[in-house]
Amino acid sequence: SQQGEEDPQALSIQEGENATMNCSYKTSINNLQWYRQNSGRGLVHLILIRSNEREKHSGRLRVTLDTSKKSSSLLITASRAADTASYFCATDPNQGGKLIFGQGTELSVKP
Amino acid sequence: DTEVTQTPKHLVMGMTNKKSLKCEQHMGHRAMYWYKQKAKKPPELMFVYSYEKLSINESVPSRFSPECPNSSLLNLHLHALQPEDSALYLCASSQERLGEKLFFGSGTQLSVL
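Just so it is clear, the structure is predicted and the values come from calculations on it, not from any experiment.

Peer 1: So, the overall build of chain B: which residues are in play, and what are the values?
Peer 2: Along chain B, the regular secondary structure elements total 0 helices and 11 strands. Going residue by residue from the N terminus, the α and β elements of chain B occur as β-β-β-β-β-β-β-β-β-β-β. Taken against the 2.2 N^0.38 rule, which gives 13 Å for 113 residues, the C-alpha radius of gyration of chain B at 13 Å falls within 12% of a compact globule. Its C-alpha atoms give chain B principal-axis dimensions of roughly 40 × 25 × 20 Å. Classification of the 113 residues of chain B by burial places 47% in the buried group. For chain B, long-range pairs separated by at least 24 residues make up 54% of all intrachain contacts whose partners lie at least 6 apart in sequence. Entry remark: accessible area of chain B is about 5600 Å², with carbon and sulfur atoms responsible for 50%.

This is the structure in structure tokens:
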């Protein structure tokens, strides 16, 4: 079963604009993670937010978590062409190492 | 060294071949993972090793056989694969709690003819 659903599936913006991606999940979680993947490459861990946190920042990234709505959002501010990639949310509902990825959002930042 | 190294980067094999994918990390991570990813899809978990012991097998067909010879190495042995097994195979490792902050390799792009 799919744990994480993301929207939009694809997002195209101009350099300098902000990009917001959303993730919804089904079961209770201990934490939620966001990863980036450049085309045909491995994933890069961006940020982890725990269930007792509501917001977390890392550089130009801002992640929010609403456990009552079972949703999270990733905001990239002042986007750059180099931010062009697929972004995935991921959860491990049973905290046993079974990290499950959402469908992903494909972000395109045009110079 | 903060890298997970996967070899080979590309592999083409016939359905009767036997091949192995290799993964190596020198970060002292005690958990290692194999994921399979089809184009335009999210990675799907195949196996998890924790302290060199297989802890999760996501009902993967036996034509895929994982091996963890030591804490730095992870292999995936392939035998009698099908064309639908063609995909990007990703290895990852993690240091902290299982399933948190995974470091991924660049993957092996596998084509089965």
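Next comes the rest of the description.
Peer 1: Which residues make up the nonpolar core, and what are the values?
Peer 2: Residue and element names in this part refer to chain B. By size, the foremost hydrophobic cluster in this structure holds 23 residues, and its most contacted members are Trp34, Phe64, Leu76 and Leu78. Only strand E2 (10-13), strand E3 (18-25), strand E4 (31-37), strand E5 (44-50), strand E7 (64-70), strand E8 (73-79), strand E9 (87-94) and strand E11 (108-112) provide two or more residues apiece to this core. Not counting residues up to four positions away in its chain, the partners in contact with Leu78 are Leu11, Met13, Asn17, Lys18, Lys19, Leu21, Arg63, Phe64 and Leu110.

Peer 1: Provide a residue-level description of the sheet that holds strand E1 (residues 4-7) of chain B, including the pertinent values.
Peer 2: Residues and elements named next belong to chain B. Taking strand neighbours across the sheet as the criterion, the 4 strands line up as E1-E3-E8-E7 in an open arrangement whose pairing is antiparallel. Looking at strand neighbours, the two that pair on one side only are E1 and E7, the edges of this open sheet. Ignoring strand direction, the axes of neighbouring strands in this sheet form an average angle of 20°. Of the pairings in the sheet, the one linking E7 to E8 comprises 5 bridges and is antiparallel in character. When the sheet's bridge partners are listed, Asn70 is paired in E8 with Leu73.

The rules behind the values
- Residues numbered from 1 in each chain as written.
- Chains lettered and ligands numbered in written order.
- Predicted model: local features only at pLDDT ≥ 70, side-chain atom pairs only at ≥ 80, totals over all residues.
- Heavy atoms only, no water.
- Helix = DSSP H or I, 4+ residues; strand = E, 2+ residues; numbered from the N terminus.
- Rg over C-alpha atoms; globule rule 2.2 N^0.38 Å.
- Buried < 20%, exposed > 50% of the residue type's maximum accessible area, 1.4 Å probe, protein only.
- Contact = heavy atoms within 4.5 Å.
- Areas by Shrake-Rupley, 256 points an atom, 1.4 Å probe, with all protein chains shown as cover.
- Core = buried A, V, L, I, M, F, W, Y, C linked by side-chain atoms within 4.5 Å.
- Pairing = 2+ DSSP bridges.
- Axes fitted to C-alpha atoms, helices over the stretch in contact; angles between N-to-C directions.

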